[in-house]
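# Topology and contacts: notes
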Amino acid sequence: MLELRPNCELCDRDLPPGSTEARICTYECTFCAACVEGVLGNVCPNCGGGFEKRPIRPVRAWREDTGLGNDPAGTQRRQTPHTREEIEAFVRAVRDLPPDAR
Ligand SMILES: [Zn+2]
Ligand SMILES: [Zn+2]
């Protein structure tokens, strides 16, 4: 199951489960739309992959054993281990390749 992480790994803004600003890579690395479109240039600094909009898990259990009541969002805040300088150099090296060519 997708881990709904609570914050942007770069700017640390809150990304609650209902946020439309959350973006994720295939490893569930989670950043906000402003960081993805800005400094990250659609390059995950942890894996080099692209980002997609994080789906929103329904609050209600529309089907048995689903919804945030059964499967709540994660609470462990994360921060990318890479420095800003490392990230900028990495993004420069990767961003011109589209995600499906990386
Ligand atoms: Zn951010
Ligand atoms: Zn990643």
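Refer to the structure presented above.
Attention in this report is confined to the structure presented alongside it.

Reading guide: rules and limits
- Residues numbered from 1 in each chain as written.
- Chains lettered and ligands numbered in written order.
- Predicted model: local features only at pLDDT ≥ 70, side-chain atom pairs only at ≥ 80, totals over all residues.
- Heavy atoms only, no water.
- Phe/Tyr/Trp six-rings, centres within 6.5 Å; stacked < 30°, edge-to-face > 60°.
- Helix = DSSP H or I, 4+ residues; strand = E, 2+ residues; numbered from the N terminus.
- Buried < 20%, exposed > 50% of the residue type's maximum accessible area, 1.4 Å probe, protein only.
- Lys NZ or Arg CZ within 6 Å of the ring centre and 35° of its normal.
- Arc of directions from axis to C-beta.
- Pairing = 2+ DSSP bridges.
- Donors = N, O, S within 2.8 Å, 3.2 Å for Na, K, Ca; no water.
- Tetrahedral: all angles 85-135°; square planar, octahedral: opposite > 155°, others 65-115°.
- Salt bridge = Lys/Arg side-chain N within 4 Å of Asp/Glu carboxyl O.

### Considerations on the packing of aromatic side chains
For the coordinates displayed, the defined rule picks out one aromatic pair. Geometrically, the ring pair formed by F31 and F51 is edge-to-face, given 5.4 Å between the ring centres and 75° between the ring planes. Taken together, the residues F31 in strand β2 (residues 30-32) and F51 in the loop between α1 (33-37) and β3 (52-53) connect sequence positions 20 residues apart. The residues F31 and F51 share a single accessibility class, namely buried. Over the aromatic face of W62 sits the side chain of R60, whose NZ or CZ is 3.7 Å from the ring centroid.

### A closer look at helix α2 (residues 84-94)
Regarding α2, the residues found buried are I87, V91 and V94. Taken end-on, α2 shows its buried residues confined to a sector of 75°, consistent with a single buried face. Of the exposed residues in α2, those oriented more than 90 degrees away from the buried face are E85, R92 and A93.

### Brief notes about the sheet that holds strand β1 (residues 22-24)
Note on sheets: strands pair through backbone hydrogen bonds, and any given pair is parallel or antiparallel. The sheet built from three strands is open, its strands ordered β2-β1-β3 with antiparallel pairing. Looking along the sheet, the strands with just one partner apiece sit at the ends: β2 and β3. Relative to β3, β1 runs antiparallel, the two sharing two bridges. Counted as the bridge partner of R23 is K53 from β3.

### Examining the coordination of the zinc ion (ligand 1)
For the zinc ion (ligand 1), the full set of protein donor atoms is C8 (SG), C11 (SG), C32 (SG) and C35 (SG), and the range of their distances to it is 2.3 to 2.4 Å. Its four donor atoms give the zinc ion (ligand 1) angles of 102 to 118° at the centre, a pattern that matches the tetrahedral case. Within one chain, the residues donating to the zinc ion (ligand 1) are spaced in sequence as C-x2-C-x20-C-x2-C. C8 sits in the buried class, given a relative accessible area of 1%.

### A short note on the coordination of the zinc ion (ligand 2)
On the protein side, the zinc ion (ligand 2) has C25 (SG), C29 (SG), C44 (SG) and C47 (SG) as donor atoms, found 2.3 to 2.7 Å from it. Taken together, the four donor atoms coordinating the zinc ion (ligand 2) and their angles of 83 to 149° define a geometry best described as irregular. Between consecutive donors of the zinc ion (ligand 2), the numbers of intervening residues give the motif C-x3-C-x14-C-x2-C. When its relative accessible area of 5% is taken as the criterion, C25 is described as buried.

### Focus on the pattern of salt bridges
Going through the model one piece at a time under the given rule, you end up with seven salt bridges. Across the pair E3 and R5 runs a salt bridge whose closest N-O atoms are separated by 3.1 Å. Across the pair R5 and E9 runs a salt bridge, and its minimum N-O distance is 3.9 Å.

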